[in-house]
Each structure stands twice: as C-alpha cells, then as structure tokens.
Amino acid sequence: MIETRDVVKRYRTGGETLTALKGIDFAVEPGEFVSIMGPSGSGKTTLLNLLGLLDDPSEGEVLLDGEDVTGISDTERTRSRKRTIGFVFQNFYLIPTLTARENVEIPALFDHDPTVEERAVDLLERMGLGDRLDHKPDELSGGQKQRVAIARSLINEPRLLLADEPTGNLDRATGKQILEEFVDITDRDVAVIAVTHDELVNEYVDRTVELVDGYMGEDVPTDGEHASDSALSASEPGSDGGGPP
Amino acid sequence: MIDWLLKRFPALLMARRNIGRTKVRSVLAALGIVIGVIAIASLGMFGLTLRYQITENFDDIANQVTVEPNRDGRQAPTAISEREVRDIRRIAGTSASVVPLQQQRAPVSLDRGPPQNRFMYAVDSPAGVYEASEGTIPENFRSGALVGQQLAMEYDLEPGSSISINGSTTRVRAILAPGGTVGFLPTANVVVVPTTMFQQRTYSQVIVQAEDSQAANETAMALREQLNDRRDRFTVDDNADLADQIGETFQALNLFLLGIGSISLLVAGVSILNVMLMSTVERRQEIGVLRAVGFQKRDVLKIMLSEAVLLGVVGGIVGVVFSMIAGGLINHFMLDDALLAFRPDNFLYVGLAFAFGVGTSLLSGLYPAWKAANERPVDALRS
Ligand SMILES: Nc1ncnc2c1ncn2[C@@H]1O[C@H](COP(=O)(O)OP(=O)(O)OP(=O)(O)O)[C@@H](O)[C@H]1O
Ligand SMILES: [Mg+2]
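What counts and what doesn't
Residues numbered from 1 in each chain as written. Chains lettered and ligands numbered in written order. Predicted model: local features only at pLDDT ≥ 70, side-chain atom pairs only at ≥ 80, totals over all residues. Heavy atoms only, no water. Helix = DSSP H or I, 4+ residues; strand = E, 2+ residues; numbered from the N terminus. Rg over C-alpha atoms; globule rule 2.2 N^0.38 Å. Buried < 20%, exposed > 50% of the residue type's maximum accessible area, 1.4 Å probe, protein only. Contact = heavy atoms within 4.5 Å. Areas by Shrake-Rupley, 256 points an atom, 1.4 Å probe, with all protein chains shown as cover. Near = heavy atom within 4 Å. Polar contact = N/O pair within 3.5 Å; in protein donor to acceptor, adjacent residues only side chain to side chain. Domains from an automatic or database assignment. Pairing = 2+ DSSP bridges. Arc of directions from axis to C-beta. Axes fitted to C-alpha atoms, helices over the stretch in contact; angles between N-to-C directions. Parallel < 35°, antiparallel > 145°, perpendicular 65-115°, else oblique. Left-handed = near helix turned anticlockwise from the far one by under 90°. Nonpolar A, V, L, I, M, F, W, Y, C, P; charged D, E, K, R; others polar.

> Residues and numbers for the overall build of chain B, please.
Tallying secondary structure elements over chain B gives 11 helices and 12 strands in all. Relative to its length of 383 residues, chain B is extended, with a C-alpha radius of gyration of 33 Å against a globular reference of 21 Å. Overall, chain B is about 105 × 50 × 35 Å in size when its C-alpha atoms are taken along their principal axes. Relative to its full complement of 383 residues, chain B shows a buried share of 48%. Once local pairs closer than 6 in sequence are excluded, the contacts in chain B between residues at least 24 apart make up 76%. Accessible area of chain B: about 19,400 Å², with a carbon and sulfur share of 57%.

Below, the structure is given as structure tokens:
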C-alpha cells in the first residue's frame, strides 16, 4: 500500500539543519491498522506528512502502490492524495462557515457528483451525528467535531487513512466508538495509520511502531516495552491482524 | 436560482460563506466598489449631459454650409443665380436640404405703427432650415410671413396676426423656434417672407443643411472644389472646425472626469486587496486543509477569485442602481428631463463603470488568490 525506503527528512532553519527523520523504513499493507507512538518532537507528524504526500523527503523514497511518488508534480500529488488518502487532523480543521454535512462533502466539492450528499449524510449517521447535519462547527462539541472530521476523511473512500491524535479530544466511550469505526474500515481493506499517545488505541491496532528522535523501532501490539531507539529495524508488514480485543 | 448557482459552482458557495463570515469588512470593501462605480458612471454621464446640452444648441450651426459670392474676388459675381443654385443642389446631394436666401431690406410695420426699414430674408422653402414653435411652416412658401420668437414677444404676435411689409398687409404663418442662427440674422429676431414678395431672380446666400457635421464638411469641400473652378467666385463656409473643437474639448473633459472616477476605483481595489490578504492569512490553515484533501491550486484560486468577483459584482450592481439615480438627477437639473438619463450613451458609461468595478476586484483578488493557492499545505497546517 504505502512504503518508505530509507527516508531522511532534514529541516533547514536559519543556519542550522535539523534532521527530523534519520532513515525510516516503514510499510503498511491494505487493511492494516498501525499506530505510531513516540515522544514529542520525535518526528511523528513529519512522517505522517511524508506518508500523506504532503511533503517530500530529503533522501529516500516514498512508494504508493509500489510507485515512487517523490518528486512528482504538485498536480499529480494532489490527485493521488484525493484518490487514495484520507486525513484526520489533530485540530479537526473544520471549515467554520460550513455545516457538518457541507464539511464532510468538501473533499468531493468539485466533483459534481450527485451522490455526495447522500454519502455524507450516511457517514455522519454512522458517526452518530444524524441529528447534527446542519450544525456549524461552533455548535458542536470537540468530540462531535472530531467525528465530523473522520466522516470527511472517508467521503472519497480512501484506501489509506492518516490520523494525528484521533482520540486526543475524546472521552473514553467516544474514543472507543471511533476506534471501532477504524477497525470496521480496515475490514474493507483500508489501511489506517494513527499517531497517538493514547494507550487505548493500542488495544485495537494490529501493530505499534515507536519513533524516537527520528529513528524507528518496532514492537508487537500492546507490549508496552519498546526496543532500542537507534536500531533501524525494518518494518515487516507481516503481522497478520492481532485484531481488536 | 441562487441555490442552483451555488450547487453548480461550489466555489461560489465557499466564497459566499466566507464573505458572510466577515460581514462588516466585506460590506466596506464592496462599498469602495460602489463608490468607484458611482463616481465613474456619474462623472461620465455628467460630461455627456454637458456635451448634449451644448451641442443641442450648436447642432444646427455645425451642420450648416453657407455659400455666398466672394466679396473680395475681383471676378466674383454679386449674387448667386438660379443656375448656380441648381449646381449647389446637385453637389450637395439629396440628403441635404438646400435653401437659397435673398436678403432684403424693406419698410416693415409689426404693430400697425409707422413702418421701419428692416433686413429680412426671402426664402422659398423655409422648412429646410427653420422650425416653428407656434403655427406651421409651409412646404411651399407663397404668402404670409414667419417671425422670430423675440420679435413675436416684443410685438405680441402669434400665428394669424397681421403685419405690414412693403406697404401690403400679410399674415403671420408661424413663430420660429428659438436657438441657432441661419445666415447672419439670429433666428430670434428674423422676419422671413416668400421670394414672391420681391421680383428678384438671384440670391444673396445659399444655406445647405446637411445631415451631420461630417456631411456638412464633405459638402463644403465638394462645393469649394466644383463651384469655383479655380477662381474664388464663392465663399463656402462650414462650421466643422467649431464642431470638431467642441467635440475635442468634451472628449478631453470626459477623459479627465473618468480619470478622477478611476482614482476612487483604485482606492477600492486597494481595499479589496487588503481584505483578501487578511482573509488569506486568517484562513491559512483552512486552505491548507483544502489542499490536503485534494483541492488543486487552481481550485483554491477559483474560490479566492470568486470571492473577489462576488464583492465586485455586488458592489457593481449597487453602484449601477445609484448611478442611474444620479444620472436621473443630473439630467433633471441640467436638461429638465430625468428620463434623458436613459440615453444609450449613458448606459455605455454605466456599463463601463460596472466592468471597471468588477475588473478592479478581479485584479485585486489575483495576488492574494495566487498567494493562497501556492502555499504548501504542510506549511499552512503547521501554524
Ligand atoms: N517546518 C519545519 N521547520 C523546522 N523544523 C521542523 C519543521 N517541522 C518539524 N520540525 C522539527 O522536526 C522535529 C519533529 O517534528 P514533528 O512535528 O514531526 O514532531 P512530533 O513527533 O509530531 O511531535 P508532537 O508529538 O509534539 O506533535 C521537531 O524537532 C520539530 O521542531
Ligand atoms: Mg505532531
């Protein structure tokens, strides 16, 4: 599905160069649910941006469906994003002037597809927001906004869902509901990658990878103890569905 | 209808909602356009109206060509013969009316008092050059007299009144409409009689009334060339220079007025630029999200430009409405007829002002829209 090969990401600020990712090999298969954990500043968002085709690595390759997508044109990249990737951002980033339903329709806005409205309503109902369709974001709670954001990420039926702290703003019950939704969509062969600090997430994922200071280590699900931070253990995508408890 | 538009053009939906988000700011930006459009349209209409008012009085003169014997020419005739009048008719063509005049001097009494010697014109076909304000001017002028308005007022004359010319009594057929000059005598003070009143076969002057000043100019040139066969027997006068001068003056005036109007649109443009730039800064993340979920650069460009154009169109429409009111007032006070604001020329200016208004908004929106579209989504989402 998506794969990084020896990816390095450097940021240049002023005269200094900061290496945020120091050679990451990582791959996710269709239908897999992977979480990325690690301390603040370890490069999680940076990695997610590379996987989401929002940014180019300084070195190495990012492969989407086996094809190198580093260095392709902005138009191509945007098209691939739209076709295959759904985003759930940490701060929801809903558009305040649009209703919940319109926010969900946004990624398909320019498609002139008559079924979009129906699909948007459907998704919102699945998220338990059937009675909030025409509410503006400032009339929704944090958890409800998060669910609208998730519905929006699913409107174009992506094959890869990237979520930055999807449960960060949710109480435990709502968090569980969202995570079950994620597990549901992985059953339809959608890969889900979630960056999180929430141990709850690890009860649902197939595997967890640890990111420390730009290096990646890998673990079996819900192990708790993590391997060394400097070892470049290649991520074998073979972990066949630990499944939710 | 609006719903359909918004569905059909989703960029408009986004744009409309965004304008609604910062209502006061948007209204102020559109107000700039409103003022700019009103300024351009009403200054343009003002110039046009001024020109209309002035040329209305000059029109007759500008379209006239006068032919007279050359007073300084040694071999020149002292009068214009019937044959030469026929030549003039031929040269002037059928679209112009040719009116030969005799200048006469005879004792006239307008008030039954003792007659006084007075200059008057003897004309066969006065309808070609004169207009009546009361009574009608006969096509075939055989009897009676036409009197200028000022004389009529002075001596209390109206159609049907009798006056005495050359010792015989005759009736006033019509009072001439004011304005303009035919020959040398101002219309307001003239007495016009049929040529049958005097036994004379030659004319002192021929007036050619052409359709417009350009035709008058061309006719004058043809007459000079063909009538004179190299000797300067006749003087041919036209007022094309005058007409040209008036035209040029007003063109300059109108350009100047439009220039002033354009400055206000420029200011409006800057304020839209400002509003749009603020809007792109405030919505940086939002635009980043749009780009992340698959909006192309040009989609973002479309949304931002729709916003600018929407401001321009709304401001433009309001501006046009107020401009028409202003045009009505201008025409009411200058020409005593508010409905003259609906002359096609005026619509040209109103349309021009509207186009300028929308164009200004579009231009002002270009840079902010370009800036928003070219922001990398990663950078936008970091902040
Ligand atoms: N555009 C940038 N310019 C300069 N430095 C950057 C940029 N983006 C990220 N960094 C740096 O790269 C490192 C990794 O940042 P990143 O945002 O990926 O961390 P993170 O793991 O997502 O942290 P958190 O859990 O706090 O969100 C940080 O030290 C950060 O300062
Ligand atoms: Mg982060």
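Back to the text.
> Please give an account of the overall build of chain A that cites residues and values.
A tally of regular secondary structure across chain A gives 6 helices and 10 strands. Per-residue burial for chain A yields a buried fraction of 53% across its 245 residues. A separation of at least 24 residues holds for 70% of the contacts in chain A among residues at least 6 apart in sequence. Counting every atom, chain A has about 10,300 Å² of accessible surface; 44% of that belongs to carbon and sulfur.

> So what's going on with the site of ligand 1? Which residues, and what values?
In the vicinity of ligand 1 there are 14 residues, among which Ser40(A), Lys44(A), Thr45(A), Thr46(A) and Arg382(B) approach most closely. More than a single chain frames ligand 1: its nearby residues are located in chains A and B. Within the backbone of Ser42(A), a nitrogen or oxygen atom sits 3.3 Å from an oxygen atom of ligand 1. Separating a nitrogen atom of ligand 1 from a side-chain N or O atom of Arg382(B) is a distance of 2.7 Å. When ligand 1 sits alone it has 630 Å² of accessible area, and the protein chains cover 72% of it.

> Can you break down the domain arrangement of chain B residue by residue, with the values?
In terms of domains, chain B is made up of domain 1 (2–58 + 244–382) and domain 2 (63–239). A C-alpha centroid distance of 54 Å is found between domain 1 of chain B and domain 2 of chain B.

> Go over the sheet that holds strand β5 (residues 67–68) of chain A, please, and point to the residues and values.
Residues and elements named next belong to chain A. Strands sit in the order β2-β1-β4-β5 across an open sheet of 4 strands; the sheet is antiparallel. For this open sheet the edge positions go to β2 (16–28) and β5, each flanked by a neighbour on one side alone. With 5 bridges joining them, strand β1 (residues 2–13) and strand β4 (residues 59–64) adopt antiparallel strand pairing. Bridging across to β4, isoleucine 2 finds its partner in leucine 64.

> Provide a residue-level description of helix α4 (residues 82–92) of chain B, including the pertinent values.
Residue and element names in this part refer to chain B. Taken residue by residue, α4 has Glu84, Val85, Ile88, Ile91 and Ala92 as its buried positions. Around the axis of α4, the buried residues are gathered within 125° of arc, so they sit on the same side. Turned more than 90 degrees from where α4 packs its buried face, Arg83, Arg86 and Arg90 sit exposed. Against the buried residues of α4 lie β1 (64–69), β2 (97–109), β11 (205–209), α6 (213–227) and β12 (234–238).

> Help me get a handle on the packing of helix α9 (residues 297–335) of chain B against helix α10 (residues 344–374) of chain B, residues and values and all.
All names here are of chain B. Where α9 meets α10, the closest approach of the two axes is 7 Å, and the angle between their N-to-C directions is 155°. Accordingly, the angle class assigned to the pair α9 and α10 is roughly antiparallel. The two elements α9 and α10 cross, and the hand of that crossing is right-handed. Class assignment for the residues of the contact of α9 with α10 results in 20 nonpolar, 8 polar and 1 charged.

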